[in-house]
Amino acid sequence: MKANLKSNLSWLLLMVVGFVLINFLVVIGVIDSFTENMLVTIGINIILAVGLNLVIGFSGQFSLGHAGFMAIGAYATGIMTLGGFDSFGGWIVSVLVGMAIAAVVAIIVGIPCFRLSGDYLAIATMGAAEIVRIVLNNMKITNGPAGLFNIPQYTTWPLVYVLTCLTTIVTVNFIHSRGGRAVMSVRDNEIAAEAMGINTTRWKLAAFVLGAVTAAIAGSLSASYIQTIAPSNYGIMQSVSILIIVVLGGMGSMTGTFVAAVVLGILDTVLQSFGVLRMVIYAIVLILMMVFKPSGLMGTNELSFARIFNYKKADKGEAKA
Amino acid sequence: MSTFLQQLINGLSLGSIYALLALGYTMVYGIIKLLNFAHGDVYMLGAFFGYYTIKCLHFGFFGALISSMVFCALAGVLVEIIAYKPLLNSPRITMLITAIGVSYFLENGMTYLFTANTRNFPQVIKRVSYDLGPVQVSNVQLLIFITTIILLILLQVIVQKTKMGRAMRAMAVDPDAAALMGINVSGTIAFTFAIGSALAGAAGVLIGMYYNSIDPMMGLTPGIKAFVAAVLGGIGSIPGAAIGGIVIGFLETMFQSIGLSAYKDAAVYAVLIIILLVLPSGLFGKRTIEKV
């Protein structure tokens, strides 16, 4: 605890400063509703991508079904806030319900699917997410393919900001815990990890469930921000666009995910007038990235205060010697 | 009973199309262990190429079929050279992401060039239905069976009897040893892509004739279903892919006929998950042992 106190405090300071800065810019009117929309989208994408990065980058399990869990959160919020839970408290309850359902679904999907690996796992998780989408498409309570509209709006940028910080802190703490080390050892060499007595399925599942739960939170946030949801929003394309953020930032780098989500969020807004061409550009960037720099922007490196402090300390030590 | 038989016929024609697509997956996977996500989009390209040759160049059905197969073979090789070749020695996940990128590119590129609208495929062959006792068969369905069977026989001849086919089989067993024996690795891979993509192109034109509508996103779902078919048959096995495709076609039409057509896609994905768990090497695949 004490060893990391300085860097932890620095991160906390950065979060508070970020919040105050955005708040200030909103108050003086530099951030209009258009820019605010961009910030909220970036925040939601960060939550999604951090969860997916935990699954893909840290536990090494290639999941293509993230949008399915997002859909669960979105529909939990949509159905509950439209059906009697129309208050901020109700919104919170709906988020918790979405998280719980997502966790249960993740366990049901994960236990059989984690006997697979690589591209088989990718296809199986994608299939599972499609099954979720098809079920949503055919249920009465979800209003079928038309989806839900006029969902009450409770999502505001401070809420997104706080939840982005919270989910990231939980995820990063998980990575730095015993579980995180277990998960990363599974990624690096599953057989060796198993030989060391790590229950690989359990830890893979733990990472997957945590990813699913954060995706559900993001889904709830976006449903109650955009106010309209339909099953077609949560197809394979949505999973791929989250994947693009993770891959560009670097699989295995949380700060990379942040950078990529922010860069892509800004690009999205700038290139809005390009329409479909924007997607073509992303596809080309994705292919070029894989061909020339498959590790992404940051690889598995992190921007870290701890490293900066340690570096300084080492510098001083050398100077003394 | 007659509706059941009718569904069997419909399932067989849909299944033939999945079989043609599944062959491309299984051959590419057999050789370079790549799940070619973009394969379904090559099929979409084939359908579009057929559409334009018939509409603008006034080709007949066979002209459209063959020109579209040639076009798709070229497109498949081009994709392989640009996107996959530089990555042959990188981790499989990298290749998978690239394949997803190619698929995303083809879908959105076609949407950009030709808009997302659904088009009516020109019917160059007048649809005639034949009454065969309890069931009806249309000439388009017959055309689909016959074309599929001819292509399957051709493929079997190429793989089993030609020098290139032997090279493909050798690479599927052990790429390194095959390279040491003097097999032209990149040539063989390109050839595999060409064959697989040509079959996808044929499937695209056939589905255009059968369903009468095409759009830039049409490749996504059939592509995944064909992959399921390939897994069901045992990935790497050519007869397996054909049989898997037909089984998936039957399954889908059966779900439709018992009134669960909304869940027919879900059934296919469920089959995939069950197959992967119960019989990971598929019906005809070879069992592999994990080595440490």
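Residues numbered from 1 in each chain as written. Chains lettered and ligands numbered in written order. Predicted model: local features only at pLDDT ≥ 70, side-chain atom pairs only at ≥ 80, totals over all residues.

1. Section: the overall build of chain B
Moving on, step 1. In terms of helices and strands, chain B carries 11 helices and four strands.
Moving on, step 2. Radius of gyration (C-alpha) of chain B: 19 Å, near the 19 Å computed for a compact globule of 292 residues.
Moving on, step 3. Structurally, chain B occupies a C-alpha span of about 55 × 45 × 35 Å along its principal axes.
Moving on, step 4. By residue count, 52% of the 292 residues in chain B fall in the buried class.
Moving on, step 5. Taking contacts inside chain B between residues at least 6 apart in sequence as the whole, the part at least 24 apart equals 77%. (Helix = DSSP H or I, 4+ residues; strand = E, 2+ residues; numbered from the N terminus. Rg over C-alpha atoms; globule rule 2.2 N^0.38 Å. Buried ≥ 20, exposed ≤ 12 C-beta atoms within 10 Å, placed from the backbone. Contact = placed C-beta atoms within 7 Å.)

2. What about the UniProt feature "transmembrane region" (unreviewed entry) in chain B?
Residue and element names in this part refer to chain B.
Moving on, step 1. The UniProt record annotates "transmembrane region" (unreviewed entry) at residues 12-32, 52-81, 93-114, 140-159, 180-207, 227-254 and 266-285.
Moving on, step 2. In this annotation, residues 93-114 is assigned 100% helix and 0% strand; the end-to-end C-alpha distance for the span is 31 Å.
Moving on, step 3. Split by type, residues 227-254 is 86% helix and 0% strand. Its first and last C-alpha atoms lie 19 Å apart. (UniProt positions renumbered as here; feature names shortened; annotations may be inferred.)

3. A few points about the interface of chain B and chain A
Moving on, step 1. Counting residues at the interface gives 33 residues for chain B, matched by 32 residues for chain A.
Moving on, step 2. Breaking the side of chain B that touches chain A down by element, the ones donating at least two residues are helix H4 (92-114), helix H9 (220-233) and helix H11 (264-278) of chain B.
Moving on, step 3. Considering each element in turn, the side of chain B that touches chain A owes the most residues, 15 residues, to H4 of chain B.

4. A short note on the pairing of strand E3 (residues 135-138) of chain B
Residues and elements named next belong to chain B.
Moving on, step 1. Bridge count between strand E2 (residues 129-132) and E3: four bridges; the pairing is antiparallel. Paired with aspartate 131 across the two strands is glutamine 136, which belongs to E3.
Moving on, step 2. Between the end of E2 and the start of E3, which pair antiparallel, lie two residues, with glycine 133 showing a positive phi angle near 65°. (Pairing = 2+ DSSP bridges.)

5. Comments concerning the environment of leucine 48 of chain A
All names here are of chain A.
Moving on, step 1. Of note, leucine 48 is situated in helix H2 (residues 33-58).
Moving on, step 2. The class of leucine 48 is buried, set by 32 C-beta atoms lying within 10 Å.
Moving on, step 3. The spatial distance from the C-alpha of leucine 48 to the C-alpha of asparagine 137 is 22 Å, given a sequence separation of 89 residues.
Moving on, step 4. Contact partners of leucine 48, with chain neighbours within four places excluded, come to His66, Met70, Ala215, Ala218 and Ile242.

6. Section: the confidence of the model for chain A
Moving on, step 1. For chain A, per-residue confidence averages 88 on the pLDDT scale, and residues scoring 70 or more make up 96% of the total.
Moving on, step 2. No element of chain A has a lower mean pLDDT than helix H13 (residues 305-320) of chain A, which averages 67, and none a higher one than helix H9 (residues 200-226) of chain A, which averages 94. (pLDDT = per-residue confidence, 0-100.)

7. A closer look at helix H10 (residues 236-249) of chain A
Residue and element names in this part refer to chain A.
Moving on, step 1. The terminal C-alpha atoms of H10, which comprises 14 residues, lie 20 Å apart, in line with the 20 Å expected from a rise of 1.5 Å per residue.
Moving on, step 2. Across the 14 residues of H10, 11 count as buried, placing the element largely inside the fold.
Moving on, step 3. Among all positions in H10, only Ile236, Ser239, Val240, Ile242, Leu243, Ile244, Ile245, Val246, Val247, Leu248 and Gly249 are buried.
Moving on, step 4. Following H10 by one or two positions, glycine 250 has its phi on the positive side, about 110°. (Expected span 1.5 Å × (residues − 1).)

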